[in-house]
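Coordinate inspection notes
Spelled out, the chains give:
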Amino acid sequence: MSFRAIGLVMFGVLTLAVPARRPASADDVRVDISSGQGRRIRIHCEAMTSSSHGRGGPSSVDADEVLASDLDHSAVFTVSRSWVANEQPFDVQAFVGGKWNVSGSQVQLTGQVLDFPARRPILVRDYRGPANQWRALVHRFADDVVQQFTGELGVSETRIAFVARQGRDKELYVMDVDGAGITQLTHDHSIALSPAFSPEGSLLLFTTYRGGTGPQIDVVSSQGGKEYLVSGRKGNNTSASYAPDGRDIACTLSIDGNPEIYLLDARGGSPRRLTNNRAIDTSPAWSPTGREIAFTSDRSGSPQVYVMDRDGGNVRRLSYDVSYTDSPAWSPRGDRIAFVSRTGSGFDIYVCRADGSGARLVVGGASNENPRWSPDGRHLVFASNREGAYALYVTDLDDRPPRRLETGGKEAMSPAWSPRPAGTRAMTNSTP
Amino acid sequence: MQRLRPFVRLVTSLVPVVLAVALIGCAKKAVETPPEQTPAPPQQTTPPPAPVQTTPTPTPPSPPAFSAADLQPVFFDLDSSTLRDDARAALDADAKLLRENGSVHIVIEGHCDERGTVEYNQALGERRAQAAKDYLVQAGIPESRMQTISYGKERPFDVGHDEAAWAKNRRAHFALQ
């Protein structure tokens, strides 16, 4: 590596504790990729080296595979691996690798991306943290590699909340997006449903029957802890989600005798009714600006997705192209809405533009329910019985088949995708 | 506290006297209670737990206890909370039973088949329970005797995946409060 090349490389040090903002650099490589639709970039993962002066660091084999999976699941790259015999670098744009330095209980990952074929550094960055949190360092590097090539961080460091069946009950769980660190959050021996993360990811709203008098809305820390009642009004209290600014909660209540959509304040008080219709109105989904809410209503005779302003006005039906639609989810950039459409005995997942045009089937076969966007808008997580029991799957919205998420062997449904972790870093140069 | 002490002492010294006077006609032993005995601690004022009854009380032959299973469930069409004719007939019979058993309070559970989404089915189940309740109110059952709860598709009668199972799961049925 020449000194000139070193001079071009930006060294950044990220630690778990200290937030770091990385300035944009003129040397950043940018490849324009429209989310999920573009051709994947071929990238070759090389086994990382390690110098160990302590214990508790990663097995380099594990870490290599975590990095390769992160990149492969980013929807940006097609990955080949140096440690797999028949996967040779061919027509690749870059090499990805790095080295580990374990020192006592601390570990440092120096991740690097080299161009092809000259092996000039494109990105070299250090990540330090406790040795037992080495996976987080790998995820951060993977997300930075995604940013290097697309301008927007990846989502390897996010989490998925879901409910898992336990006999007749369903309990709330959370895990890393790659299935590691699975944690049971509720132990109510009741039915938990419909989790939704707070905008910064620290809390989960969900529906529970633990009170015994009907579905109520609770909140729990996404790290685990005590559950708190948010709304236990007479009748249904369901389908809750925080507004993007965290100040309001949209939910479905039937205090007036019929399921209607309400706004509550963040503590569950001062209900404001948004819909006023003899039909069912439910499943509110915020637009990322918080100015509009998509929801489901059967006011036309069968369930359909509608959009209204956040004050309940300006109601319009989303799409006329697809019959029996439900479970709207607004993409993080606000440009698309995912929803489900009923087939004979299940649901297909569609994505349309926010004005309802251009609806296209993205997941079909068996039943596919509760689609939720990743924070970068490149993926949808959903529940499906496509292989028998209900499990969680992710589609990258391209021609790859959906991939199943490991949920500790549990039957899983009702997924929610967390935002990127707050405080560990700033998001820079997001693609408009 | 310091100022109350003499008063407390006075009261405590009087208690044995009062007790002695009260008990004098009841039992001689009580009268013989030495006056220096400390007054009864407060917990003694609560009656001791009643002895466990070992012999079964001879109950007169009564009508069999009312059971929620006596109330007929109500079934619905797909995506519907409209009461069919068979549902009205079932609810008429239920109303009669509820009038005859005026002390019974019930929970009306609304349920759905698995073909809707979780959230929509919670709303639909609520409408089904409410439809049954509204009919019973019309039939003269006081609203105060009935609660509704929607389980959506979470508690199917039949876990099958065909129309026979679904038809059984689209229901409002009854439990006791």
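To keep things clear, this report deals only with the structure shown in the data block.

This part covers the overall build of chain A. Regarding its fold elements, chain A presents 3 helices and 31 strands. Residue burial in chain A is summarised as follows: out of 432 residues, 56% are buried. Taking as baseline every contact in chain A between residues at least 6 positions apart, the subset at least 24 positions apart corresponds to 46%. Looking at chain A as shown, the accessible area adds up to about 17500 Å², and 49% of this sits on carbon and sulfur atoms.

Here we come to the layout of surface pockets. Residue and element names in this part refer to chain A. In this structure, the largest pocket encloses a volume near 1100 Å³. What lines the largest pocket is a set of 44 residues, and nearest its centre among them are Phe197, Trp286, Trp330, Trp373 and Trp417. Every element with two or more residues in the lining of the largest pocket is listed here: strand 11 (192–197), strand 15 (237–242), strand 19 (281–286), strand 23 (325–330), strand 27 (368–373) and strand 31 (412–417). The residue inventory of the lining of the largest pocket, partitioned by class, reads 23 nonpolar, 14 polar and 7 charged. If you add up the space inside the second largest pocket, you get close to 750 Å³.

Another point: the pattern of salt bridges. In the structure shown here, the tally under the stated rule is 38 salt bridges over all chains. A salt bridge links B:Lys153 to A:Glu369; the nearest nitrogen and oxygen atoms lie 3.2 Å apart. Of the two residues, B:Lys153 sits in the loop between strand 3 (146–152) and helix 5 (163–169) while A:Glu369 sits in strand 27, which places them in two different chains. Like A:Glu369, B:Lys153 is buried. Measuring nitrogen to oxygen at the nearest pair gives 3.0 Å for the salt bridge that ties B:Arg115 to B:Asp113. Across this residue pair, the class does not change: B:Arg115 and B:Asp113 are buried. One network of salt bridges, with partners in common, ties together A:Arg40, A:Asp396, A:Asp398 and A:Arg403.

This part takes up the state of the cysteines. Tallied over the full model, the rule gives 0 disulfides over all chains. Summary of cysteine pairing: A:Cys251 is not part of a disulfide, and the nearest cysteine sulfur, belonging to B:Cys112, is at 19 Å. Judged by its relative accessible area of 0%, A:Cys251 falls in the buried class. Exposure remark for B:Cys112: the relative accessible area of 2% places this residue in the buried category.

All names here are of chain A. Its location among the elements puts aspartate 176 in strand 9 (residues 169–176). Put simply, aspartate 176 and arginine 159 are 17 residues apart on the chain and 4.3 Å apart in space, counted from C-alpha to C-alpha. Ignoring sequence-local partners within four residues, the contact set of aspartate 176 consists of Thr158 and Arg159.

Residue and element names in this part refer to chain A. Relative to the elements of secondary structure, leucine 274 occurs in the loop between strand 18 (272–273) and strand 19. On the basis of relative accessible area, leucine 274 is assigned to the buried category, the value being 11%. In this structure, the C-alpha to C-alpha distance between leucine 274 and glutamine 106, residues 168 residues apart in sequence, is 52 Å. Aside from chain neighbours lying at most four places away, what touches leucine 274 is Ile261, Tyr262, Leu263, Ile293, Met308, Arg310, Asp311 and Gly312.

Another aspect to go through is the interface of chain B and chain A. With 24 residues of chain B in contact, the opposing surface of chain A contributes 39 residues. Across the interface of chain B and chain A, roughly 2400 Å² is buried in total on both sides, 48% from carbon and sulfur atoms. The three residues of chain B that bury the most area against chain A are B:Glu119, B:Tyr120 and B:Arg155, which together make up 27% of that side's buried surface. The interface formed by chain B and chain A contains 4 salt bridges. With a shortest N-O distance of 2.8 Å, A:Arg342 and B:Asp79 are connected by a salt bridge. Counting every contact that joins chain B to chain A gives 14 residue pairs in polar contact (both at pLDDT 80 or more). Put simply, the parts of the chain that give the side of chain B that touches chain A at least two residues each are helix 4 (118–138) and strand 3 of chain B. If one sorts the elements of the side of chain B that touches chain A by residue count, helix 4 of chain B sits on top with 10 residues. Residues that form the side of chain B that touches chain A fall into these classes: 8 nonpolar, 7 polar and 9 charged.

A separate point is the sheet that holds strand 28 (residues 380–384) of chain A. Through backbone hydrogen bonds, the strands of a sheet pair up, either in parallel or in antiparallel fashion. All names here are of chain A. Reading across the sheet, the 4 strands line up as 27-28-29-30 and stay open at both edges, with antiparallel pairing between neighbours. The open sheet is flanked by strand 27 and strand 30 (403–404), the only strands paired with a single partner. Bridging between strand 29 (residues 391–395) and strand 30 involves 2 bridges; their strand directions are antiparallel. Counted as the bridge partner of tyrosine 393 is arginine 404 from strand 30.

How each quantity is defined
- Residues numbered from 1 in each chain as written.
- Chains lettered and ligands numbered in written order.
- Predicted model: local features only at pLDDT ≥ 70, side-chain atom pairs only at ≥ 80, totals over all residues.
- Heavy atoms only, no water.
- Helix = DSSP H or I, 4+ residues; strand = E, 2+ residues; numbered from the N terminus.
- Buried < 20%, exposed > 50% of the residue type's maximum accessible area, 1.4 Å probe, protein only.
- Contact = heavy atoms within 4.5 Å.
- Areas by Shrake-Rupley, 256 points an atom, 1.4 Å probe, with all protein chains shown as cover.
- 1 Å grid on protein atoms, 1.4 Å probe; cavity = no way out; pocket = protein on both sides within 12 Å on 5 of 7 lines; lining within 4 Å.
- Points joined across faces, edges and corners; volume = space filled by probe spheres on them.
- Nonpolar A, V, L, I, M, F, W, Y, C, P; charged D, E, K, R; others polar.
- Salt bridge = Lys/Arg side-chain N within 4 Å of Asp/Glu carboxyl O.
- Disulfide = S-S within 2.5 Å.
- Buried area = accessible area lost by both parts, 1.4 Å probe.
- Polar contact = N/O pair within 3.5 Å; in protein donor to acceptor, adjacent residues only side chain to side chain.
- Pairing = 2+ DSSP bridges.

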